[in-house]
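# Examination of the molecular architecture
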Amino acid sequence: MKFIGIGGALVLGLLGGAGSSYADPHFPKGVQPVVSPMSVPNAVFLDPKNVTTSLGAFHGKTLVLNIWATWCAPCIKELPSLDRLAGKIDARRAFVMAVSQDKGGAAIAKPFLDKIGIKNLSSYADPSGALWRAMGIRGLPTTFIISEKGAIVGRVEGVLEWDSPEIIQFVTSLGGR
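Quick notes on the rules
- Residues numbered from 1 in each chain as written.
- Predicted model: local features only at pLDDT ≥ 70, side-chain atom pairs only at ≥ 80, totals over all residues.
- Heavy atoms only, no water.
- Buried < 20%, exposed > 50% of the residue type's maximum accessible area, 1.4 Å probe, protein only.
- Helix = DSSP H or I, 4+ residues; strand = E, 2+ residues; numbered from the N terminus.
- Pairing = 2+ DSSP bridges.
- Right-handed = clockwise from strand over helix to strand, strands pointing away.
- Core = buried A, V, L, I, M, F, W, Y, C linked by side-chain atoms within 4.5 Å.
- Contact = heavy atoms within 4.5 Å.
- Phe/Tyr/Trp six-rings, centres within 6.5 Å; stacked < 30°, edge-to-face > 60°.

### A look at the pairing of strand β7 (residues 94–100)
Counted residue by residue, β7 has seven buried out of seven residues, so it is predominantly covered. Side-chain alternation along β7 places A94, V96, A98 and S100 on one buried face and F95, M97 and V99 on a second face that is also buried. Pairing of strand β6 (residues 62–68) with β7 involves seven bridges; the strand directions are parallel. In the strand pairing of β7, L63 is matched with F95. Bridge count for β7 against strand β8 (residues 123–125) is three bridges, and the pairing is parallel. Looking at the pairing, V99 lines up with Y124 of β8. For the crossover that starts at β7, traverses helix α2 (residues 106–115) and ends in the parallel β8, the hand is right-handed.

This is the structure:
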């Protein structure tokens, strides 16, 4: 057995494999902590101005990284709560990023976000699927919680109400992990 401290929470890793997850009482319901926090991969994707970027560009901020697509019904259901979360947190310390997997990139994703009334999320895109592969995504939507130090500390596969008080408190309290 190995013990890994994540902030104030002591995490017991029975298997200790990178990317393994289990239920932890310090994480909100639905967010699976990553037993062995991993650094973000170097995969590149496109920012809202269609310029290549990577997750490393956001080092120093807590990041809620959502991977979605316009053709994914559960993703569409989840986007409004991610948008509300983005509007409720301090953007200087935490950032909600929705990265579309649509092959048409931002040309498809941006008009779609506008059409469904998304106001606080910018249109990032991964038309090549590089981020999908590097993050080991199995399906959509998948969301990662990344600490300000650049470590992946949590993962959600499926829909979650991101603007609940519990989630907002969790995301804003991640500083220093």
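So, next bit.
### Some points on the pairing of strand β9 (residues 142–146)
Taking burial as the measure, the five residues of β9 include five buried ones, the bulk of the element. Alternating positions in β9 separate into two faces, T142, F144 and I146 on one and T143 and I145 on the other, with burial throughout. As paired elements, β6 and β9 share five bridges and run antiparallel to each other. What sits directly across from L65, in β9, is F144.

### Here's the deal with the nonpolar core
With 52 residues, the main nonpolar core has L55, L65, L79, M97, L131 and W162 as its most contacted residues. Sorting the residues of this core by element identifies β6, α1 (73–88), β7, α2, α3 (130–135), β9, β10 (151–157) and α4 (165–172) as the ones contributing at least two each. Those residues within four positions of L79 in sequence are excluded, and the remaining contacts are N66, W68, A98, F112, L113, I116, I118 and L121.

### Focus: the packing of aromatic side chains
For the coordinates displayed, the defined rule picks out six aromatic pairs. Centroid distance F58 to F95: 5.5 Å. Interplanar angle 15 degrees. Geometry classified as stacked. Remark: F95 occurs in strand β7 and F58 occurs in the loop between β5 (52–54) and β6; sequence separation between them is 37 residues. Three or more aromatic residues joined by ring pairs form one cluster here, namely F45, F58, F95 and Y124.

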